[in-house]
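What follows is the residue order along each chain.
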Amino acid sequence: MTAADEPPHEPAELDLDEQIAIYQREFPEVDPQIEKVVSALQRLNRRMNVAYGRQVAELGISNAEWEVLKALVLVGKPYRLGPGDLAKRLGLTPAAMTHRIDRMVAEGLVTRERDESNRVRVIVELTDEGRGKWLEAMRMASGFESRLLQDLSSDELATLGGMLTSVLQRVDPDAADGTHAS
């Protein structure tokens, strides 16, 4: 293979301080402290999503399926919601939700049945298989998160959690008070 045949190398991600220095050069008004926090959060979010994606893939489910399992668990026993409610919680169109539910029914993760009290309404319910996948994903995520934050004391974790919740509330006021499923 010649150099011309080799795929182009992806440029390495800049060190945060290098990135901030470029931002300051190109946009002198940028606050370097704020930009460093925001850039670090963005990078952390990307890397965590990749790690979680790998974990659920090991279980044979997708991130999208994980989100449905999580939404059903968050409503509590008997872990049931209508497709429309699921779509709203996940920010999906009804058609996208139907497609996702179809796959999950075929995989045995959820059931889809007519509501006995309203035969027009359909109910999606978590199966034992789906709950098992959710529990295993939670075990894997818990281990990953513990390793990620192992160098922080309990007080530091509480402080960080409080600060991030406060910032989150500025972006989505419902998210921090528990009225928004995430």
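For the structure, check the block above.
Residues numbered from 1 in each chain as written. Predicted model: local features only at pLDDT ≥ 70, side-chain atom pairs only at ≥ 80, totals over all residues. Heavy atoms only, no water.

> Report on the overall build of the protein chain, specifying residues and quantitative values.
In terms of regular secondary structure, the protein chain is built from eight helices and three strands. In the protein chain, the succession of α and β elements from N to C terminus is α-α-α-β-α-α-β-β-α-α-α. With 182 residues in all, the protein chain has 25% of them scored as buried. When contacts within the protein chain are restricted to residue pairs at least 6 apart in sequence, long-range pairs at least 24 apart make up 47% of them. Taken as a whole, the protein chain presents about 12,500 Å² of accessible surface, with 55% of it coming from carbon and sulfur. (Helix = DSSP H or I, 4+ residues; strand = E, 2+ residues; numbered from the N terminus. Buried < 20%, exposed > 50% of the residue type's maximum accessible area, 1.4 Å probe, protein only. Contact = heavy atoms within 4.5 Å. Areas by Shrake-Rupley, 256 points an atom, 1.4 Å probe, with all protein chains shown as cover.)

> Lay out the nonpolar core with the relevant residues and their values.
Residues I61, L69, L72 and L86 are the most contacted members of the largest nonpolar core, which totals 23 residues. Sorting elements by how many residues they give to this core places helix α3 (residues 63-74) first, with six residues. Excluding residues within four positions of it along the chain, L72 makes contact with Y79, R80, L81, L86, V110, V124, E125 and L126. (Core = buried A, V, L, I, M, F, W, Y, C linked by side-chain atoms within 4.5 Å.)

> How would you sum up the pattern of salt bridges? Please name residues and give values.
Applying the stated criterion across every chain, the model contains 12 salt bridges. Between E125 and R80 there is a salt bridge, with its nearest N and O atoms 3.2 Å apart. Remark: R80 occurs in strand β1 (residues 80-81) and E125 occurs in strand β3 (residues 118-126); sequence separation between them is 45 residues. Taking relative accessible area as the criterion, R80 reaches 37% and is therefore assigned partly exposed. Shared partners join several salt bridges into a network, and the residues in it are E13, R43, R46 and R47. (Salt bridge = Lys/Arg side-chain N within 4 Å of Asp/Glu carboxyl O.)

These values are about where atoms sit, not about what they do.
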